[in-house]
Amino acid sequence: MLTLAPATNAPTRAECSPNLTAGGSTSFPRLVPSVGGRLVGYSFTTRTMAEVGADPASDDPVADWVCETLFFTVVQNAPEFAAFDEAYRRGTDWNGLPMAGAYGDAITFAAPPSGACSAFLPFGYRYVRPRN
């Protein structure tokens, strides 16, 4: 999950969940932005970088590599975030990772009931806003 600043569209925070199995859940209470911010969620496979044809290939799980790389490359960097997001949406390469092989399972995202933020989830996701 990334928290995006309303004015710059640059991520201000990056948080990753533990690897979840079907039906699992996690929470990101520290990521809820102030009014006008957005949360963006992505899902990545636990297959290794080598298995998806990444360069450089390694035994690191894709999800772990992406989490670490996002933290160090897209936080406070709107152009790099835009490049990452576009590659994810199109299934093209980003920093040597072929996104077409990196997608994880579909997820459901529940927004905070306060309605203080909006959420964007790329294809394959379901958005749920709890009742107040």
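Above: the structure in question.
These numbers come from a predicted model, not from an experiment. (Residues numbered from 1 in each chain as written. Predicted model: local features only at pLDDT ≥ 70, side-chain atom pairs only at ≥ 80, totals over all residues. Heavy atoms only, no water.)

*Asks:* For this particular structure, what's the right way to read the pattern of salt bridges?
*Replies:* Close approach of charged atoms allows side chains with opposite charge to pair. Here the structure, examined in full by the defined rule, presents 2 salt bridges. The shortest N-O distance in the salt bridge between D85 and R89 comes to 2.7 Å. Note that D85 and R89 are positioned in helix α2 (residues 78-90) at a spacing of 4 residues, about one turn of the helix. The class of D85 is buried, set by a relative accessible area of 11%. Of the charged contacts, one joins E86 and R90 as a salt bridge, the two residues approaching to 3.2 Å between their closest N and O atoms. Linking E86 with R90, this pair stays in helix α2, spanning 4 residues, or about one helical turn. In this structure E86 comes out as partly exposed when scored by relative accessible area, which is 40%. (Salt bridge = Lys/Arg side-chain N within 4 Å of Asp/Glu carboxyl O. Helix = DSSP H or I, 4+ residues; strand = E, 2+ residues; numbered from the N terminus. Buried < 20%, exposed > 50% of the residue type's maximum accessible area, 1.4 Å probe, protein only.)

*Asks:* Would you mind going over the nonpolar core with me for this structure?
*Replies:* Side chains that are nonpolar tend, in soluble globular proteins, to be buried together. If you look at the biggest cluster of nonpolar residues, it comprises 23 residues, and the most contacted ones within it are F44, F84, L97 and M99. When residues of this core are traced back to their parent elements, those giving at least two are β1 (2-4), α1 (62-73) and α2. The biggest single contributor to this core is α1, with 5 residues. Once you skip the residues sitting within four places of it in the chain, F84 turns out to touch Y42, F44, V66, L70, V74, W94 and M99. (Core = buried A, V, L, I, M, F, W, Y, C linked by side-chain atoms within 4.5 Å. Contact = heavy atoms within 4.5 Å.)

*Asks:* In this structure, what is going on with the packing of aromatic side chains? I would like to understand it.
*Replies:* The geometry of an aromatic ring pair is captured by two quantities: the separation of the ring centres and the angle between the planes. Tallied over the entire structure, the rule returns 9 aromatic pairs. Measuring from centroid to centroid gives 5.3 Å for F44 and Y88, while their planes differ by 75 degrees, and the two rings are edge-to-face. Highlighted residues: F44 in the loop between β3 (38-40) and α1 and Y88 in helix α2, separated in sequence by 44 residues. Comparing F44 with Y88, the two get one shared label, buried. Between F84 and W94, the ring centres sit 4.9 Å apart and the planes meet at 70 degrees, which makes this aromatic pair edge-to-face. Residue F84 is located in helix α2, and its partner W94 is located in strand β4 (residues 93-94); the two are separated by 10 residues in the primary sequence. (Phe/Tyr/Trp six-rings, centres within 6.5 Å; stacked < 30°, edge-to-face > 60°.)

*Asks:* Sorry, what's going on with the pairing of strand β2 (residues 11-14) here?
*Replies:* Side-chain positions along a regular strand alternate between the two faces of the sheet. Both β1 and β2 contribute to a ladder of 3 bridges, which runs antiparallel. Note on β2: the bridge partner recorded for L4 is P11. Two successive antiparallel strands, β1 and β2, enclose a turn made up of 6 residues, where N9 displays a positive phi of approximately 60 degrees. (Pairing = 2+ DSSP bridges.)

*Asks:* Would you mind showing me how to read a negative patch on the surface here?
*Replies:* On the surface, E51, D59, D60, D64 and E68 cluster together to form a negatively charged patch. A relative accessible area of 53% means that E68 is categorised as exposed. (Patch = residues over 30% accessible without salt bridge, like charges linked within 9 Å, V, L, I, M, F, W, Y side chains within 5 Å. Areas by Shrake-Rupley, 256 points an atom, 1.4 Å probe, with all protein chains shown as cover. Lys, Arg positive; Asp, Glu negative; His and termini not counted. Charge placed at Lys NZ, Arg CZ, Asp CG, Glu CD.)

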